[in-house]
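Read off the chains here:
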Amino acid sequence: MRKALAEAGIEPLPGRFLDFLDPWGNRFEIVGYDNIQFTKAPHVLRGMGLSELVKSEKAIKELADKGMAPG
């Protein structure tokens, strides 16, 4: 992602995360899917051709700690 942003002339914002602003000032943060806590329903992921994506153990634990573990 960093290479693609650089090739597009987009400079990441300072900090430890990969954040950047679009031309209208909207802030975007790039994160790996396995660290995202919320997701689309399984049938939607299948329809998008993304059914092979899985959450990391860390993300699942964070959800479980909040009482929101995937079923």
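Each value, and the rule that gives it
- Counting starts from 1 at the beginning of each chain's written sequence and moves along it residue by residue.
- In keeping with the model being predicted, local features are shown solely for residues with a pLDDT of at least 70 and side-chain atom pairs are shown and tallied solely at 80 or more, while totals for entire chains, interfaces and linings include all residues.
- Side-chain figures throughout are based on the complete set of non-hydrogen atoms in the structure, without hydrogens or water.
- Strands are runs of DSSP state E lasting at least 2 residues, helices are runs of H or I lasting at least 4, and numbering of each runs from the N terminus.
- Per-residue accessibility, obtained with a 1.4 Å probe over protein chains only, is compared with the maximum for each type, and a residue is labelled buried under 20%, exposed over 50%, and partly exposed between these values.
- Pairs of residues are marked as contacts when any of their non-hydrogen atoms sit within 4.5 Å.
- To measure how exposed things are, a 1.4 Å probe is used in the Shrake-Rupley method; for residues, cover is taken only from the protein chains shown.
- The pairing criterion is simple: DSSP has to find at least two bridges between the two strands.
- Pairing of aromatic rings covers Phe, Tyr and Trp, the last through its six-membered ring, and needs centres within 6.5 Å; plane angles under 30 degrees mean stacked, over 60 mean edge-to-face, and all others mean tilted.
- Polar contact is the term for a pair of N or O atoms within 3.5 Å; when the atoms are in protein, one must be able to donate a hydrogen and the other to accept it, and sequence-neighboring residues count only if both atoms are side-chain atoms.

Chemist: Explain the overall build of the chain here, please?
Modeler: The helix and strand inventory of the chain stands at three helices and two strands. Moving toward the C terminus, one meets the helices and strands of the chain in the order α-β-β-α-α. Scored against the burial criterion, the 71 residues of the chain give a buried share of 15%. Long-range pairs, those at least 24 residues apart, make up 13% of the contacts in the chain with a sequence separation of at least 6. Accessible surface, the chain: about 5,800 Å² in total, of which carbon and sulfur atoms supply 59%.

Chemist: When you look at the pairing of strand 2 (residues 27-30) in this model, what are you seeing that I'm missing?
Modeler: When a strand is regular, its side chains alternate between the sheet's two faces. Of the strand pairs in this sheet, strand 1 (residues 18-21) and strand 2 are connected by four bridges, and their pairing is antiparallel. Pairing of Leu 21 across the sheet is with Arg 27, part of strand 2. From the end of strand 1 to the start of strand 2, which pair antiparallel, there are five residues, and Gly 25 there has a positive phi angle of about 90°.

Chemist: Please clarify how the packing of aromatic side chains should be interpreted in this entry.
Modeler: Working definition: an aromatic ring pair is given by the centre-to-centre distance plus the angle between the planes. Here the structure, examined in full by the defined rule, presents one aromatic pair. When the ring of Phe 20 is compared with that of Phe 28, the centres are 5.5 Å apart and the planes differ by 15°; the resulting orientation is stacked. Judged by relative accessible area, which is 10%, Phe 20 ranks as buried.

Chemist: Help me understand the side chain of Asp 22, please; the structure alone is not making it clear to me.
Modeler: Relative to the assigned elements, Asp 22 resides in the loop between strand 1 and strand 2. Reaching out from Asp 22, the side chain makes a polar contact with the backbone nitrogen of Trp 24 at a distance of 2.9 Å. Here the side chain of Asp 22 touches Asn 26 through a polar contact of 2.8 Å, landing on its backbone nitrogen.

All we've got here are geometric facts, nothing functional implied.
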